[in-house]
Amino acid sequence: MAPQSGVSSSSLAASDRVAAHTHITGLGLNEQGHCATEAEDGGSSTSTRWSSNCGLVGQTKAREAAGLVVDLIRASNFAGRALLLVGPPGTGKTAIALAMAKELGSATPFTPFVASQVYSKEVKKTEMLMEHFRKAIGLRIRESKEVYEGEVTELTVEETQDPLSGASTAYGKSISHVLLTLKTAKGTKTLKLDPTMYDSLVKEQVQVGDVIFIEANSGAVKRVGRSDSYATEFDLEAEEYVPLPKGDVHKKKQVVQDVTLHDLDVANAQPHHSSTTRKDVMALIASMGRPKKTEITDKLREEINKVVQRYIDEGVAELVPGVLFIDEVHMLDLESFTYLNRSLESTIAPIVVLATNRGITKIRGTSTNDSYGNSSSSDVMLSPHGIPVDLLDRLLIIPTHPYSRDEIHRIVSIRAKTEGLTVSEEALTTLSAIGERTSLRYAVQLLTPASIMAETVGRTVIQVEDVKQVNGLFLDGKASAQMLHDNPDSGFMT
């Protein structure tokens with residue numbers, strides 16, 4: 001699709017993949033852990049700049065509290081604890097959780113999870129919770145490996161006649177061995193490889209001029225990239241060029257691998273495999289591609305925990321407690337809350353971030369049904385946010401509050417930039433008023449329909465009339481509820 005006037009092709013490409021929180025890049029805190037303000041920055045234009053940079057607007061206290069938790073996580077002083085984000089719908093709870101993940105970086109596991117996922121007919125609720133617990137706990141393994149590393153200067157496949165196929169057929173040949181010559185800055189070495197390694201070379205698409213390394217113990221082949229001596233071979237090429245390796249071809253190299261405890265659970269959940277007793281840590285990782293057939297039991301997890309603890313004591317591995325984010329936590333029932341409470345007491349537990357938009361509400365799983373399927377109201381337990389009080393005592397609670405009209409104005413402006421849309425100031429003011437009257441989410445969702453309305457009349461800038469036109473075509477949640485209240489006999493089923 002050709003880019004239209006007024007919108008760059010790069011902006012158009014980005015808008016094709018935009019999601020609800022694409023614009024979130026961090027918490028937007030300074031070195032002192034505080035949100036920048038207009039007074040500190042010297043004007044509203046600078047305030048718009050920092051808002052656009054991090055993607056978050058308002059919720060100053062919530063963001064500063066989340067930044068403090070991020071610092072505790074980095075210092076490994078928050079493992080096994082839990083945080084609760086509470087507030088009305090559309091006040092940035094999920095956005096703050098994702099901003100925390102951005103601040104922590106890709107090295108820290110971040111596992112998002114919606115509480116309603118526990119209700120499955122195939123997997124038990126407690127098993128689903130524990131699986132995501134283990135996904136949120138990382139293990140950084142460092143091992144010194146003997147490797148052959150260098151640039152491929154020769155790759156020859158030697159074939160021989162297959163005695164089983166007969167000498168008369170032209171197709172009766174098999175690979176006898178592979179001759180591979182590697183070059184480094186210090187010298188060259190020719191290796192005679194087993195024919196079974198030919199498949200690994202083909203899988204990595206190794207060819208002359210590539211820089212590769214081969215593990216001496218396992219025979220695993222890894223293509224690093226194309227040698228930079230071939231960088232001027234073409235004017236345009238989608239290749240990653242790397243320098244010629246230094247030192248000898250045969251050397252010891254520090255290999256770092258990041259995995260999660262769930263990866264190790266899956267790799268060891270097979271009856272024929274007993275990697276928990278093997279001393280080669282990388283062998284655990286090599287088995288991850290095998291299909292899982294056996295249920296992951298608590299006994300197996302305990303054995304893996306012992307092996308992991310041994311590796312940590314030996315200095316081979318480092319535990320990286322990640323973040324488990326459970327959205328809509330009020331959807332969990334009493335059994336799940338009890339299991340979650342116990343799991344937080346485990347010696348190996350991640351940081352748990354919960355989010356809910358409920359106030360005083362019932363705890364799921366506390367009402368009983370009679371023989372006719374009717375629930376008894378006397379057995380229903382009410383609790384703040386639908387969470388049992390004993391679990392609430394463990395939580396640090398961060399509240400969020402509804403956005404003001406000015407904050408809605410800034411958020412809609414950021415979303416328009418993220419989606420590559422140009423909106424007039426008057427249209428932004430109208431959208432802000434609509435968002436204050438209805439909801440922020442509804443105002444943001446009007447952006448794309450309004451841009452289509454503008455395009456139909458040949459404009460590249462969204463005007464007030466475009467916003468008013470699409471607002472008249474759709475109903476927000478409050479307007480729909482009011483319509484049903486005013487017209488009880490409108491024909492809707494109950």
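Residue positions are given per chain, counting from 1 as you read along its sequence in written order. Local features in this predicted model are restricted to residues of pLDDT 70 or higher, and side-chain atom pairs are both shown and tallied only at a pLDDT of 80 or more, whereas totals for entire chains, interfaces and linings draw on every residue. As a rule here, side-chain values come from all non-hydrogen atoms in the structure, and water together with hydrogens is ignored.

Undergrad: Quick question: what am I supposed to make of the packing of helix α13 (residues 405-418) against helix α14 (residues 425-437) here?
TA: Relative placement of two packed helices is described by the angle separating their axes and the distance separating the axes. Between α13 and α14, the shortest axis-to-axis distance is 8 Å and the interhelical angle comes to 120°. Classified by the interaxial angle, the pair formed by α13 and α14 is oblique. Our pair here, α13 against α14, has a crossing hand that is right-handed. Judged by residue contacts, Arg-405, Ile-408, His-409, Val-412 and Ser-413 of α13 engage Glu-425, Leu-428, Thr-429, Leu-431, Ser-432, Ala-433, Gly-435 and Glu-436 from α14. Note on geometry: axes are C-alpha line fits, over the in-contact stretch for helices, and angles between N-to-C directions span 0 to 180 degrees. Numbered from the N terminus, helices here are DSSP runs of H or I no shorter than four residues, and strands are runs of E no shorter than two. Should an angle lie under 35 degrees it is considered roughly parallel, over 145 roughly antiparallel, and from 65 to 115 roughly perpendicular; all remaining angles are considered oblique. The handedness criterion is simple: a crossing whose near helix is rotated anticlockwise from the far helix by less than a right angle is left-handed, and one whose near helix is rotated clockwise is right-handed. The contact rule is simple, with two residues in contact once any of their heavy atoms fall within 4.5 Å.

Undergrad: Any chance you could explain the confidence of the model for the protein chain here in plain terms?
TA: Residues shown with low pLDDT carry predicted positions that ought not to be read at fine detail. The pLDDT value tells you how sure the predictor is about a given residue, anywhere from 0 up to 100. For the protein chain, per-residue confidence averages 79 on the pLDDT scale, and residues scoring 70 or more make up 80% of the total. Mean pLDDT across the secondary structure elements of the protein chain bottoms out at helix α1 (residues 9-15), with 37, and peaks at helix α17 (residues 464-473), with 92. Throughout residues 272-279 the model reports pLDDT below 50, and contacts reaching past four residues in sequence, or to other chains, amount to 20 contacts.

Undergrad: Just to check I follow, could you spell out the packing of aromatic side chains for this structure?
TA: What characterises a pair of aromatic rings is the spacing of the ring centres plus the angle enclosed by the ring planes. Only Phe, Tyr and Trp rings take part, Trp by its six-membered ring, and two of them pair if their centres are within 6.5 Å. Stacked means planes under 30 degrees apart, edge-to-face means over 60, and tilted covers everything else. In this structure the tally under the stated criterion is one aromatic pair. Aromatic side chains Phe-110 and Phe-325 sit 6.3 Å apart centroid to centroid with 20° between the ring planes, which places their arrangement in the stacked category. With Phe-110 in strand β2 (residues 110-114) and Phe-325 in strand β11 (residues 323-327), this pair connects stretches of sequence that are 215 residues apart. For Phe-325, a relative accessible area of 3% gives the class buried. Here's how the labels work: a residue is buried when its accessible area is under 20% of the maximum for its type, exposed when over 50%, partly exposed in between, all with a 1.4 Å probe on protein chains only.

Undergrad: Looking at this model, I keep getting lost on the pairing of β11. Mind explaining?
TA: As a general feature of sheets, a regular strand has side chains that alternate between the two faces. Within β11, five of the five residues are buried, which leaves the element mostly enclosed by the surrounding structure. Burial of the side chains of β11 extends over both faces: Val-323, Phe-325 and Asp-327 are buried on one face and Leu-324 and Ile-326 on the other. Pairing of β2 with β11, which is carried by five bridges, proceeds in the parallel orientation. Note that in β11 the partner of Pro-112 across the bridge is Phe-325. Alignment of β11 against strand β12 (residues 351-356), held across four bridges, turns out to be parallel. By the bridge assignment, Ile-326 is partnered in β12 with Leu-354. If the strands point away from the viewer and the path from the first strand over the helix to the second runs clockwise, then the crossover is right-handed. In terms of handedness, the path from β11 via helix α11 (residues 334-343) over to β12 forms a crossover that is right-handed. In this analysis, strands are considered paired if DSSP registers two or more bridges between them.

Undergrad: Teacher, can you tell me more about unusual backbone geometry here?
TA: Of all residues except glycine, most have a negative phi; of all peptide bonds, most are trans. For Gln-205, which is not a glycine, the phi torsion comes out positive at approximately 55°. A positive phi is found at His-385, a non-glycine position, where the angle reads about 65°. For His-385, the location among the structural elements is in the loop between β14 (382-384) and α12 (389-392). For His-385, a relative accessible area of 16% puts it in the buried group.

Undergrad: What's the story with the sheet that holds strand β1 (residues 82-86) in this structure? I'm lost.
TA: Taken in spatial order, the five strands line up as β2-β11-β12-β1-β15 in an open sheet, and their pairing is parallel. If you trace the sheet from one side to the other, it starts and ends with β2 and β15 (395-399), each paired once. For this sheet, the mean inter-axis angle between neighbouring strands, taken without regard to orientation, is 20°. Docked against the sheet, helix α4 (residues 60-74) engages β1, β11, β12 and β15, running at close to 145° with respect to β15.

Undergrad: Looking at this structure, how should I read the side chain of Lys-251?
TA: If you trace the backbone, Lys-251 turns up in strand β9 (residues 250-260). Lys-251 sits in the buried class, given a relative accessible area of 19%. Polar contact is the term for a pair of N or O atoms within 3.5 Å; when the atoms are in protein, one must be able to donate a hydrogen and the other to accept it, and sequence-neighboring residues count only if both atoms are side-chain atoms. Here Glu-149 takes part through its side chain, which lies 3.4 Å from a polar atom of the side chain of Lys-251. A polar contact is formed between the side chain of Lys-251 and the backbone oxygen of Lys-246, at a distance of 2.6 Å. In contact with Lys-251, other than residues within four places in its own chain, are Lys-145, Glu-146, Val-147, Glu-149, Pro-245 and Lys-246.

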